[in-house]
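Summary of the model geometry
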Amino acid sequence: MSIPNHILEQLNSQADLISIIGRHTTLKRAGNEYKGCCPFHGEKSPSFYVNPQKNIYHCFGCGVGGNAISFLRDYESLTFIEAVNELSKQTGIEVPQEEQQNVSYQRSAPKPATPPPVPNPTIAHHSVNQNSVNNDHLNQSNVAQNSQAYADSPAYDDNSGYGDYPPLGAYDSAPYLADSYGSEYQSSSDNISANSGDNGYPPQWLTDSDEITDLHSINNPADEDGNLYELLEQIQRFYQHNLTTHPHAKHYFLSRGITEEIFETFGLGYAPFGWQHLEHQFPQDIEGLKALGLVRQSESGRDYDLLRDRVIFPIRDNQGRTIGFGGRALDNEVKPKYINSSDSPVFHKQHVLYGYYESRQQRANNWLVVEGYMDVIALYQVGIYGAVASMGTAINESQISRLLTLNPTLTLSFDGDSAGQKAAWRTLEVALPVLADDKELRFLTLPNNHDPDTFIKSQGSDAMREQIANAMPLSQYIFAYLSERYDLTLAEGKAKLMSQVRSLTTALPKGSSFRYLLNNDIYQKLGGKRSQNVEAKDALLDFDGDMTISQQLQLCFLFQPRALIDDPIDVIWQRAGINALHLPAHIKQKASPDILRPVAWEDLKDTALIDIVSTIKRCLNYLPKDANAAAHFVLSNLKSTTQETLSRSWGGFYKTLTARNVLSLDELIENLVMQLLKLHLQKKMQELIKNPDHIKLAIVRKQSQLLNDWLRAQQAEQSAQMVTVQS
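Starting afresh in each chain, residues are numbered from 1 along the sequence in its written order. The model is predicted, so local features are restricted to residues of pLDDT at least 70 and side-chain atom pairs to those at 80 or more, both for listing and for counting; the totals for chains, interfaces and linings are taken over all residues. Hydrogens and water are ignored here; the side-chain numbers use all heavy atoms of the structure.

Here, any two strands with at least 2 DSSP bridges between them count as paired. The helix and strand labels rest on DSSP assignments: H or I over at least four residues marks a helix, E over at least two residues marks a strand, and numbering proceeds from the N terminus. Spatially, 5 strands are ordered β2-β3-β4-β5-β6 in an open sheet, and the strand pairing comes out antiparallel. Both outer strands of the open sheet, β2 (28-30) and β6 (65-66), are each paired with one neighbouring strand and no more. Pairing geometry for strand β5 (residues 56-59) and β6, over 2 bridges, is antiparallel. Note on β6: the bridge partner recorded for Tyr57 is Gly66.

Following this line, the structure appears as structure tokens:
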């Protein structure tokens with residue numbers, strides 16, 4: 001059994017080489033590469049480099065080098081087949097079990113066919129001079145020779161073994177220079193693109209000339225096998241040329257702000273009207289067209305072209321070879337709007353990212369996953385490189401891992417509608433298993449339902465860069481997403497949200513410290529007592545550290561007036577058990593009737609605090625739901641002196657709390673009220689010591705003791721809850 005070279009190339013290019021080698025030595029980022037001590041020989045100073053863009057490694061100490069397959073064979077002592085199977089599992093690329101599944105196909109003699117009627121009578125007729133034909137023949141010959149050289153390279157065979165594939169001499173023996181990046185794959189494509197305006201011709205039935213020559217037939221006689229890569233390149237040039245003969249298709253791109261230069265960079269094109277235009281242009285390659293999924297058969301048995309009257313986006317692999325096509329309808333009412341060519345021996349949708357090759361050519365450093373082809377192109381055109389899109393399927397774990405290898409921070413940009421946010425959440429779930437502590441996911445949802453394409457047109461490239469820089473971290477996105485789906489005013493809603501967060505974090509890599517930190521962060525946002533209290537306290541200190549306890553409490557009541565629905569003093573009095581204080585009979589007989597009543601706000605003798613508490617209780621049923629609006633409603637009903645003092649502080653206090661995402665002040669309010677109660681009881685005891693009343697002093701001391709005991713119990717409970725979160 002032999003394994004086609006194109007499959008081996010796909011396995012090596014898609015493999016996560018950093019993770020494979022990282023199992024045996026520590027690799028650290030060094031510019032665009034990773035550096036570490038060579039696993040093949042003992043060394044103290046790192047001289048072993050891994051280039052994630054080329055997916056190769058090289059040691060300048062011992063000279064060893066190669067790709068993913070060679071590392072598995074040479075270091076992990078796997079056989080070639082075992083190494084291939086290992087990479088197949090990792091990447092999801094299927095290794096064909098039969099020799100026939102390769103990039104070759106049987107060409108056939110052209111079938112006589114009656115030219116179909118021209119569906120668009122406005123298309124201009126063109127003639128072709130013989131010099132252009134000859135030039136095109138020479139260029140296509142170069143392509144054929146390059147493709148044949150590739151096809152002739154050795155493959156693995158059960159009898160002869162691995163042979164010289166891949167020859168280590170093909171890899172750089174010096175540091176991987178940026179200028180030489182990918183040069184081994186550019187020669188043939190450069191020859192093509194240099195004369196692309198002259199090399200693509202419309203099918204014969206679109207011209208008046210009966211003498212036009214089928215260039216593809218010249219280069220590929222019927223008695224020779226065809227090559228799918230070569231055929232795809234010919235089709236891409238055919239589609240691209242159609243932009244010059246179909247003004248309405250070119251106008252579509254121009255109307256969306258795409259420049260002529262981008263036409264060339266991305267090879268944009270147009271698939272014309274007609275059900276069999278590919279068959280007429282490539283009459284000897286029907287088998288290849290069907291293998292690529294570009295020609296299909298109807299229920300009645302007739303062949304038809306998959307892509308018709310659609311602008312074309314060529315899809316390229318990591319080496320820049322065309323492997324498939326995406327087509328968009330010119331009419332927004334046509335469904336489906338986008339169609340991708342189906343999987344084939346050279347195209348596996350789940351392993352290809354649109355725009356990856358083009359961004360890699362620009363040495364992109366920051367990577368951004370977007371939803372559409374036009375988003376990728378719009379970002380590229382304004383110099384924001386690194387945008388990629390999946391092929392109509394959700395981005396998968398291996399693709400995310402590869403992008404995180406190129407840069408430890410990956411931004412995901414999805415539409416703000418329900419479908420877009422569901423896609424973002426699915427991507428989050430897929431990414432968690434490869435999200436090591438040194439990796440980071442960020443989420444970008446553009447305002448006003450914009451996508452990157454429309455946002456750039458509306459706001460410009462600088463605004464887009466700012467949006468990317470300020471994308472939401474993973475921890476914030478998880479809370480924002482889940483908080484919209486659960487009622488966080490209920491304990492049940494908080495419990496469900498926390499349960500889902502714990503379930504999510506179990507997918508993180510083993511030993512991840514982010515697991516604990518993420519759980520703890522969400523716990524804080526839900527009002528987790530100890531941590532949320534610390535966060536709120538820090539916010540107060542940042543705002544004004546010189547405020548008295550009473551002033552802090554007044555602002556807290558403005559921020560969360562509904563905390564007074566159940567009077568905090570009464571709640572603490574009951575929870576601490578002070579209301580059920582048991583006194584000896586002789587003390588109870590001598591005590592005054594009111595000595596056991598709870599402390600009232602009036603007992604604190606704080607005019608401003610009493611004013612705001614009484615005003616809020618009076619206005620509770622009329623307060624707006626918005627915190628800022630409710631605060632201003634309360635302020636407008638306070639006494640002028642209290643209103644003036646609080647108005648000066650409210651704006652800054654509100655901004656500080658919202659900047660820290662503090663949602664609940666329950667624990668802080670409880671803590672501040674408790675401090676006021678302790679100060680009140682201490683002051684009362686001091687007065688009773690100065691003016692002795694042994695009965696009252698005994699009762700106040702007992703109340704103070706119960707309050708302190710309850711406070712210690714609260715602290716112990718909070719510590720236990722934090723242990724639960726950590727586990």
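Glancing now at the confidence of the model for the protein. By definition, pLDDT measures how confident the predictor is in each residue, and it falls between 0 and 100. Summarising the model, the protein shows a mean pLDDT of 78, and 76% of its residues fall at 70 or more. Confidence scores differ between elements of the protein, with helix α6 (residues 187-194) showing the lowest mean pLDDT of 34 and strand β10 (residues 269-271) the highest of 96. It only takes one pair of heavy atoms within 4.5 Å for two residues to be counted as in contact. This model gives residues 120-215 a pLDDT under 50, and the stretch forms 136 contacts once residues within four places in sequence are excluded. Overall, residues 720-727 carries pLDDT values under 50, and its contacts beyond four positions in sequence, including any with other chains, amount to 12 contacts.

Attention now goes to unusual backbone geometry. Trans peptide bonds make up the majority, and among non-glycine residues the majority have a negative phi. The residue after Lys335, namely Pro336, is reached through a cis peptide bond having omega -5°. Relative to the helices and strands, Pro336 resides in the loop between β14 (322-329) and β15 (338-340). Positive phi outside glycine occurs at Arg363, with the angle close to 55°. Buried means the residue's accessible area, taken with a 1.4 Å probe over protein chains only, is under 20% of the maximum for its type, while exposed means over 50%, and partly exposed covers the values in between. A relative accessible area of 30% places Arg363 in the partly exposed class.

This part takes up helix α22 (residues 513-525). Helices are assigned an expected span. That span is 1.5 Å times one less than the residue count. Between its first and last C-alpha, α22 extends 19 Å over 13 residues, near the 18 Å set by a 1.5 Å rise per residue. Listed as buried for α22 are Leu518, Asn519, Asn520, Ile522, Tyr523, Gln524 and Lys525. Backbone nitrogen of Phe514 and a side-chain oxygen of the N-cap are separated by 3.2 Å at the start of α22; the cap is Ser512. Two N or O atoms form a polar contact when they lie within 3.5 Å of each other; inside protein one atom must be a possible hydrogen donor and the other a possible acceptor, and for residues adjacent in sequence the pair counts only when both atoms belong to side chains.

With that settled, consider the sheet that holds strand β18 (residues 387-390). Taking strand neighbours across the sheet as the criterion, the 6 strands line up as β16-β18-β17-β19-β20-β21 in an open arrangement whose pairing is mixed. At either margin of the open sheet sits one strand with a lone partner, and together these are β16 (353-354) and β21 (472-473). As judged from the 3 bridges shared by strand β17 (residues 367-370) and strand β19 (residues 409-413), these two strands associate in the parallel manner. Residue pairing across strands places Trp367 opposite Leu410, the latter belonging to β19. Helix α16 (residues 397-406) contacts β16, β17, β18, β19 and β20 (440-444) of the sheet and is inclined by roughly 130° relative to β19. For helices, the axis comes from a line fit to the C-alpha atoms of the stretch in contact; other axes are also lines fit to C-alpha atoms, and the angle between any two N-to-C directions lies between 0 and 180 degrees.

Okay, the side chain of Thr25 next. Within the secondary structure, Thr25 is located in the loop between α2 (17-22) and β2. Apart from residues no more than four positions distant in its own chain, Thr25 is found in contact with Cys37 and Pro39.

Within soluble globular proteins, side chains that are nonpolar tend to cluster in buried spots. Within this scheme, the nonpolar core is defined by two criteria: the residues are buried Ala, Val, Leu, Ile, Met, Phe, Trp, Tyr or Cys, and they are joined through side-chain atoms within 4.5 Å. Among the nonpolar cores identified, the biggest contains 59 residues, and Ile235, Leu268 and Tyr354 are the most heavily contacted of them. Looking at this core, the element that brings in the most residues is helix α9 (residues 228-245), giving 8 residues. Excluding its chain neighbours within four sequence positions, the residues that come into contact with Leu268 are Gln240, Leu243, Phe253, Ile258, Ile262, Phe263, Ile312, Phe313, Pro314, Tyr354 and Ile377. Counting residues in each nonpolar core, the second largest holds 53 residues, with Ile572, Ala576, Val599 and Leu706 among its members.

This paragraph deals with the pairing of β5. Burial of the side chains of β5 extends over both faces: Ile56 and His58 are buried on one face and Tyr57 and Cys59 on the other. Across 4 bridges, the pairing between strand β4 (residues 48-51) and β5 is antiparallel. For Tyr49, the partnering residue across the bridge sits in β5 and is His58. Between β4 and β5, which pair antiparallel in sequence order, lie 4 residues; one of them, Asn55, sits at a positive phi of approximately 60°. Here β5 hands over to β6 after 5 residues, with Gly63 in that stretch at a positive phi of 85°.

Another point: the state of the cysteines. By convention in this document, the label disulfide applies to cysteine sulfur atom pairs within 2.5 Å. Summed over all chains, the structure comprises 0 disulfides. In this model Cys37 remains outside any disulfide bridge; the closest cysteine sulfur is found in Cys38, 8.8 Å from its own. Lacking any disulfide linkage, Cys38 is separated from the closest cysteine sulfur, that of Cys59, by 3.6 Å. Owing to a relative accessible area of 6%, Cys38 belongs among the buried residues under this scheme.

Our focus in this paragraph is the pattern of salt bridges. A side-chain nitrogen of Lys or Arg and a carboxyl oxygen of Asp or Glu constitute a salt bridge if their distance falls within 4 Å. The full count for this structure, using the stated rule, is 15 salt bridges. Close ionic contact of Arg23 with Glu76 constitutes a salt bridge, the shortest N to O distance being 2.9 Å. Of the two residues, Arg23 sits in the loop between α2 and β2 while Glu76 sits in the loop between α3 (68-74) and α4 (80-91), which places them 53 residues apart along the sequence. Of the residues examined, Arg23 reaches a relative accessible area of 48% and is grouped as partly exposed. Close ionic contact of Arg575 with Glu670 constitutes a salt bridge, the shortest N to O distance being 2.9 Å. In this pair, Arg575 sits in helix α25 (residues 568-575) while Glu670 sits in helix α30 (residues 666-690), placing the two residues 95 residues apart along the sequence. Residue class for Arg575 comes out partly exposed when judged on its relative accessible area of 38%. A cluster of three or more residues bridged by salt bridges with shared partners is formed by Glu9, Asp317 and Arg321.

Let us look at the packing of helix α20 (residues 474-483) against α22. In the contact formed by α20 and α22, the axes pass within 10 Å of each other and the chain directions differ by 45°. As the angle between them shows, α20 and α22 are arranged oblique. Both α20 and α22 take part in a crossing whose hand is right-handed. Of the residues in α22, those touching α20 at Leu474, Ser475, Ile478 and Phe479 are Phe514, Leu518, Asp521, Ile522 and Lys525. A breakdown of the residues in the contact of α20 with α22 according to their chemical character gives 6 nonpolar, 1 polar and 2 charged. Roughly parallel refers to an angle under 35 degrees, roughly antiparallel to one over 145, roughly perpendicular to one between 65 and 115, and oblique to any angle outside these ranges. Handedness of a crossing follows from how the near helix is turned relative to the far one, being left-handed for an anticlockwise turn of less than a right angle and right-handed for a clockwise one. Under the grouping applied here, Gly and all other residues not named as nonpolar or charged are polar, the nonpolar ones being Ala, Val, Leu, Ile, Met, Phe, Trp, Tyr, Cys and Pro and the charged ones Asp, Glu, Lys and Arg.

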